[in-house]
Amino acid sequence: MPKLYLKEYARALAGREVFIACREGVLRDHFQEIISDIKFLARHGALTVFMHNMPNRFANQKLITRLAKRLPATAIVRVPPEVDFYDAVLNHQESMFKVIFLERRYLIDHQGNKINAITTCRILESLADFGDLIANVNFKGAMACICRKIEAGQCDRVHILSAGKNAIKHELFTVEGAGTLIANNFQETFRQVKTDEDVAIVHRILEMYKRSGFLKPRTKAYLKKNRHRFYVTAIDGIVVGCVEQKIIDSQTVEMGALAISTRFRNQRVGVHTVASFMALMKAQGYHRFISLTNNPRLEALYHQLGFVQESRPEYRHRQEQSPDVKMFCKIDEPVV
C-alpha cells in the first residue's frame, strides 16, 4: 500500500481548481471509485470540476442525478457526446491548474512500459524525430493539444491515470504516483535533510530500492541519527531523490544511498542530484568521488557523468567491505 503524504501534497492543491475528466464507459465501470476520489480531493481543499460525456437521455438520468447528489461540492460539466471529448476538456477554460484524465490505462510506450513522467519537449521530439512514443490510441490525437496548452502557460500539469480504486489519491498524494504526469515546470532544489517528514519520504524511497536488492537497508532510526549526512532533491518542495555523504578521507567522499523515486526516472533527476552533490562537496574541499553499486541504472548514470569503474588501491579497505559490488570513481583535481 503506497504511503500517503497528505499534509505535504495538499498544500499545492488548496484553493486550486482540479479538473477531472472521464469518458462515459470508464465512468460507468468505476463510478463509486471515482466518486470517492473526487470527494477525497474536495476534503483536502481542492476546487473540483468533474467533466464527463454521458448522453443526456432518459436511461442515464438516474446516474446523472446520483452524480450531482454525491458530489455537491463539485462543479459538474457534461460534454456533448458528439463533441471531441479531449478537445472539449482542454479548451473548456483558458487557464487550468491541473487536469486529470481517468482512462482505461495510463500512458505506455511501444514496448508496453509505463510512462511515469514526461515533458512536452520529450513528447514533441518523439513526434518529430522518431514517431510517437505513446502507444495509447486515444491520446495520440490529444498530445499536441496538451503540449500547446502547457507550453502556453495555460495549464500546469496533466495527469493520465488508469481509473480504479484510489487512482487519484495515489497519483497526487504519494511519492510513486499512479499514472503518467505531463509537465514542464518542475522546480528542482537540492538541500540537506531537515525534518522528520523528509526522513519519512527518504525512508520510503530507499525501501523501494532495498526490495530490488540494490541497497543495504537503512532504518528510520539510522536516517534520523544521520540526517546531517543525507541530502535530497525536491521537486516542487516534495522530496523525490536522495544521496548519503560518507567521508572516506580528507579528499574523498562516497555517494551512498543514491536513489530516485520511480515516478521521476528518466527525467534527469539523477543527473541533477549527483551534480548538485558534487558541487556542494567541492565547495567543502573534496575533489574525489566514489560510489559502489550494481544497479544498472546507476552504472549508466555514472558512465554518463564521467565516472570510471575501477577499484583504486587507496580505497582497498572500502572495496573489501563490499567485495562483490562495483566501484565507480571520478577525480576532479583542484586547479592550482
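Residues numbered from 1 in each chain as written. Predicted model: local features only at pLDDT ≥ 70, side-chain atom pairs only at ≥ 80, totals over all residues. Heavy atoms only, no water.

### Here's the deal with the sheet that holds strand 2 (residues 47-52)
Link 1 in the chain: Here we have 7 strands laid out as an open sheet, ordered 3-2-1-4-6-7-5, and mixed in their pairing. One side of each edge strand has no neighbouring strand; the edge strands of this open sheet are strand 3 (75-78) and strand 5 (117-118).
Link 2 in the chain: Where strand 1 (residues 17-22) and strand 2 come together, 6 bridges link them in parallel fashion. Note on strand 2: the bridge partner recorded for F19 is V49. (Pairing = 2+ DSSP bridges. Helix = DSSP H or I, 4+ residues; strand = E, 2+ residues; numbered from the N terminus.)

### Focus: the packing of helix 3 (residues 31-43) against helix 4 (residues 61-70)
Link 1 in the chain: Contact geometry of helix 3 with helix 4 gives a least axis separation of 11 Å together with a crossing angle of 25°. Viewed along their axes, helix 3 and helix 4 adopt a mutual orientation that is roughly parallel. Judged by the twist between their axes, the crossing of helix 3 over helix 4 is right-handed. On the side of helix 3, the interface is formed by F31, Q32, I35 and K39, while helix 4 contributes L63, R66, L67 and R70.
Link 2 in the chain: Tallied by class, the residues present in the contact of helix 3 with helix 4 amount to 4 nonpolar, 1 polar and 3 charged. (Axes fitted to C-alpha atoms, helices over the stretch in contact; angles between N-to-C directions. Parallel < 35°, antiparallel > 145°, perpendicular 65-115°, else oblique. Left-handed = near helix turned anticlockwise from the far one by under 90°. Contact = heavy atoms within 4.5 Å. Nonpolar A, V, L, I, M, F, W, Y, C, P; charged D, E, K, R; others polar.)

### Description of the side chain of H203
Link 1 in the chain: Tracing the backbone shows H203 in helix 10 (residues 196-211).
Link 2 in the chain: The exposure class of H203 is buried, given its relative accessible area of 17%.
Link 3 in the chain: Once residues within four sequence positions are removed from consideration, H203 is found in contact with R218, T219, K220 and L223. (Buried < 20%, exposed > 50% of the residue type's maximum accessible area, 1.4 Å probe, protein only.)

### Concerning the packing of helix 12 (residues 269-283) against helix 13 (residues 296-304)
Link 1 in the chain: The interhelical angle for the contact between helix 12 and helix 13, taken along N-to-C directions, is 60°, at an axis separation of 11 Å. The orientation of helix 12 with respect to helix 13, classified from their angle, is oblique. In the crossing of helix 12 with helix 13, the sense of the turn from one axis to the other is right-handed. Contacts between helix 12 and helix 13 involve G270, V271 and V274 from the first element and L301, Y302 and Q304 from the second.
Link 2 in the chain: Grouping the constituent residues of the contact of helix 12 with helix 13 by class yields 4 nonpolar, 2 polar and no charged.

### Quick notes on the environment of C121
Link 1 in the chain: With respect to the helices and strands, C121 occurs in helix 6 (residues 120-129).
Link 2 in the chain: Each C-alpha atom of the pair C121 and N184 lies 8.2 Å from the other, and the pair is 63 residues apart in sequence.
Link 3 in the chain: Those residues in contact with C121 that lie beyond four places of it in its chain are E151 and N184.

### Observations regarding the nonpolar core
Nonpolar side chains in soluble globular proteins tend to be buried together.
Link 1 in the chain: By size, the foremost hydrophobic cluster in this structure holds 57 residues, and its most contacted members are I20, L41, L102, V202 and L206.
Link 2 in the chain: When residues no more than four places from it in sequence are discounted, the contact partners of L206 are L215, R218, L223, F230, C242, A257 and A259.
Link 3 in the chain: A21, M51, F85 and M143 belong to the second-largest nonpolar core, a separate cluster that totals 27 residues. (Core = buried A, V, L, I, M, F, W, Y, C linked by side-chain atoms within 4.5 Å.)

### Examining the pattern of salt bridges
Link 1 in the chain: Evaluation of the coordinates by the stated rule reveals 15 salt bridges.
Link 2 in the chain: Across the pair D198 and R191 runs a salt bridge, and its minimum N-O distance is 2.8 Å.
Link 3 in the chain: Here K326 makes a salt bridge to E299, at a shortest N to O gap of 3.2 Å. Of this pair, K326 sits in strand 14 (residues 326-331) while E299 sits in helix 13, and the two are 27 residues apart along the sequence.
Link 4 in the chain: Here the salt bridges do not stand alone but share partners, grouping R288, E310, R312 and E314 into one network. (Salt bridge = Lys/Arg side-chain N within 4 Å of Asp/Glu carboxyl O.)

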